[in-house]
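Topology and contacts: notes
Here's the letter readout for the chains.
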Amino acid sequence: MTALDQPTAVRPGEELAAERLAPYLHQALDLAGDLTVEQFPSGFSNLTYLLRLDDRQLVLRRPPFGARIASAHDMGREYRLLSALHPAWGKVPEPLLFCDDEAVLGAPFYVMERIEGVILRSRVKAGQTPSPATVEAAAGALIATLVELHGLDVVGTGLGDLGKGDGYVERQIAGWTKRWIQARTDDLPEMDRAAAWLEENRPPDSAATLIHNDFKYDNLILDGEDPGRVRAVLDWEMATVGDPLMDLGTTLGYWVDPDDPPALKNLALSPTTLPGNPSRRQVAERYAALSGHEVGDGVFVYAYGLFKIAVIVQQIYARYQAGHTQDPRFAGLIHAVRACARGAVQAIERGRIDDLWT
């Protein structure tokens, strides 16, 4: 496979203060030489940069400019999690330093090693479409890695206090509903309907495990020679201790089937419509078979996944509307919110997670 994820020039308004960052890195990591900075263009939340310095390639993560959601952009928490997981699991980049001195970049940040490989993004360049066999192997690796993550000894990793565990489902429904209300910019009745249904149909919690909360193709680095091997899992900003089925729900929320309507396909959240992918239902069934968790019809977790994704996108859109970011990708995000809400309501009305629109 061809490496599909490459950095580009830094977006206007998201530049790093290289004149302060370079001497800080020289001292903190015992490096020398000129610093060059590029930006990874994908992703909508924390900002990710490639640093080249002294023949080293490093990755820097910092909160988005204008963000005021401390718990969602806690660099220290993410650094601590990586520091605990790297020796225990290995499928995360090695963290190298954390800086909470805002005099350097105006916000806390951390630096980690760069792991090279293939990241399957939602839009694939011409001539780089992977074969169905490659996609099938990658999908199998995605599901197996999610099961593997949920099987980790969370106490043994030292991360048992990362979340509250018990009562996770109730807290999530209440929390995402509250965030929706706070970030609302448009009247979307289907969001309100989905929120009410989720509250009324909450299942009991499953056993608490370490969960990622944003587990999808473009947060996985695949081996360039073996697409069935995940080299690293990225973007741990929302990870916690909670219900693994809710984590599966987020993954299903990103999983668009080929027969879904254009409104969902246009979200381009993950390249799940490429030939070789299992269906959303097949993902849920394979996860259940490998993990031993009872998924049932999957409607609750899928509707939850779509609702949560819609709220996250709405928060980004609200930040754009308030002028905190100039990223042109954010201008039409309200349509993505609407499509997720309609998908959630459709699953609720049909009582299934596949074949929803015929």
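Let me begin by describing the structure that accompanies this report. (Residues numbered from 1 in each chain as written. Predicted model: local features only at pLDDT ≥ 70, side-chain atom pairs only at ≥ 80, totals over all residues. Heavy atoms only, no water.)

**Section: the overall build of the chain**
- When helices and strands are counted, the chain shows 11 helices and 9 strands.
- Over its C-alpha trace the chain gives a radius of gyration of 20 Å, about what one expects of a compact globule, namely 21 Å for 358 residues.
- By principal-axis analysis of the C-alpha atoms, the chain measures approximately 60 × 45 × 45 Å.
- With 358 residues in all, the chain has 52% of them scored as buried.
- Long-range contacts, defined as pairs at least 24 residues apart, comprise 72% of the intrachain contacts of the chain with a sequence gap of at least 6.
- On the chain, roughly 15,200 Å² of surface is accessible, and the fraction owed to carbon and sulfur atoms is 49%.
- Measuring between centres, the 35 positive side-chain charges of the chain sit 4 Å from its 49 negative side-chain charges. (Helix = DSSP H or I, 4+ residues; strand = E, 2+ residues; numbered from the N terminus. Rg over C-alpha atoms; globule rule 2.2 N^0.38 Å. Buried < 20%, exposed > 50% of the residue type's maximum accessible area, 1.4 Å probe, protein only. Contact = heavy atoms within 4.5 Å. Areas by Shrake-Rupley, 256 points an atom, 1.4 Å probe, with all protein chains shown as cover. Lys, Arg positive; Asp, Glu negative; His and termini not counted. Charge placed at Lys NZ, Arg CZ, Asp CG, Glu CD.)

**Considerations on the nonpolar core**
- With 92 residues, the main nonpolar core has Leu 85, Met 191, Trp 236 and Phe 307 as its most contacted residues.
- No other element matches the 15 residues that helix α10 (residues 299-321) contributes to this core.
- Counting residues in hydrophobic clusters, the runner-up holds 19 residues, among them Leu 21, Leu 35, Tyr 49 and Leu 60. (Core = buried A, V, L, I, M, F, W, Y, C linked by side-chain atoms within 4.5 Å.)

**As for empty space enclosed by the protein**
- Summed over all chains, the structure comprises 2 cavities of 30 Å³ or more.
- Within this model, the largest cavity holds a volume of roughly 40 Å³.
- What lines the largest cavity is Gly 253, Trp 255, Val 256, Asp 260, Leu 264, Leu 267, Leu 269, Arg 280, Tyr 302 and Leu 306.
- Taken together, the residues of the lining of the largest cavity sort by class into 7 nonpolar, 1 polar and 2 charged.
- In this structure, the second largest cavity occupies an estimated 30 Å³ of space.
- What lines the second largest cavity is Arg 61, Glu 78, Leu 82, Pro 93, Tyr 110, Met 112, Val 233, Leu 234, Asp 235 and Trp 236.
- Of all the secondary-structure elements, those providing two or more residues to the lining of the second largest cavity are α2 (75-88) and β5 (109-113).
- Of the residues that constitute the lining of the second largest cavity, the class distribution is 7 nonpolar, no polar and 3 charged. (1 Å grid on protein atoms, 1.4 Å probe; cavity = no way out; pocket = protein on both sides within 12 Å on 5 of 7 lines; lining within 4 Å. Points joined across faces, edges and corners; volume = space filled by probe spheres on them. Nonpolar A, V, L, I, M, F, W, Y, C, P; charged D, E, K, R; others polar.)

**Considerations on helix α11 (residues 333-350)**
- The end-to-end C-alpha distance of α11 is 26 Å, a good match for the 26 Å that 18 residues give at a rise of 1.5 Å each.
- Of all 18 residues in α11, 13 are buried, a share of seventy percent or more. (Expected span 1.5 Å × (residues − 1).)

**Quick word on the packing of helix α7 (residues 244-254) against helix α9 (residues 280-291)**
- At a closest axis distance of 10 Å, the pairing of α7 and α9 adopts a crossing angle of 155°. Taken as axis vectors, α7 and α9 run roughly antiparallel relative to one another. The interaxial crossing formed by α7 with α9 has right-handed handedness. Touching Pro 244, Leu 245, Leu 248 and Leu 252 of α7 are Arg 280, Val 283, Ala 284 and Tyr 287, all from α9. (Axes fitted to C-alpha atoms, helices over the stretch in contact; angles between N-to-C directions. Parallel < 35°, antiparallel > 145°, perpendicular 65-115°, else oblique. Left-handed = near helix turned anticlockwise from the far one by under 90°.)

**Some points on the sheet that holds strand β3 (residues 56-62)**
- Strand order in the open sheet made by the 5 strands is β1-β2-β3-β5-β4, with antiparallel pairing throughout. Each end of this open sheet is capped by a strand with a single partner; those strands are β1 (35-39) and β4 (95-99). Adjacent strand axes in the sheet meet at a mean angle of 25° when their direction is disregarded.
- Of the strand pairs in this sheet, β1 and strand β2 (residues 47-53) are connected by 5 bridges, and their pairing is antiparallel. Of the residues in β2, the one forming a bridge with Gln 39 is Tyr 49.
- Against the sheet, helix α1 (residues 18-28) makes contact with β1, β2, β3, β4 and β5, and its axis sits at roughly 125° relative to β4, the strand it touches most.
- With respect to the sheet, α2 is in contact with β3, β4 and β5, its orientation differing from that of β4 by roughly 160°. (Pairing = 2+ DSSP bridges.)

**Observations regarding the environment of Gly 249**
- Of note, Gly 249 is situated in helix α7.
- Taking the relative accessible area as the measure of exposure, Gly 249 reaches 0% and is therefore buried.
- For the pair formed by Gly 249 and Met 112, sequence separation is 137 residues and the distance between their alpha carbons is 29 Å.
- Contact partners of Gly 249, with chain neighbours within four places excluded, come to Val 301, Tyr 302 and Gly 305.

**Looking at the packing of helix α6 (residues 189-200) against α11**
- The geometry of α6 relative to α11 is characterised by a closest axis approach of 8 Å and an angle of 45° between their N-to-C directions. What the angle tells us is that α6 and α11 run oblique. Note that α6 runs across α11; the crossing there is left-handed. Contacts between α6 and α11 involve Glu 190, Met 191, Arg 193, Ala 194 and Trp 197 on the former and, on the latter, Val 337, Ala 341, Arg 342, Ala 344, Val 345, Ile 348 and Glu 349.

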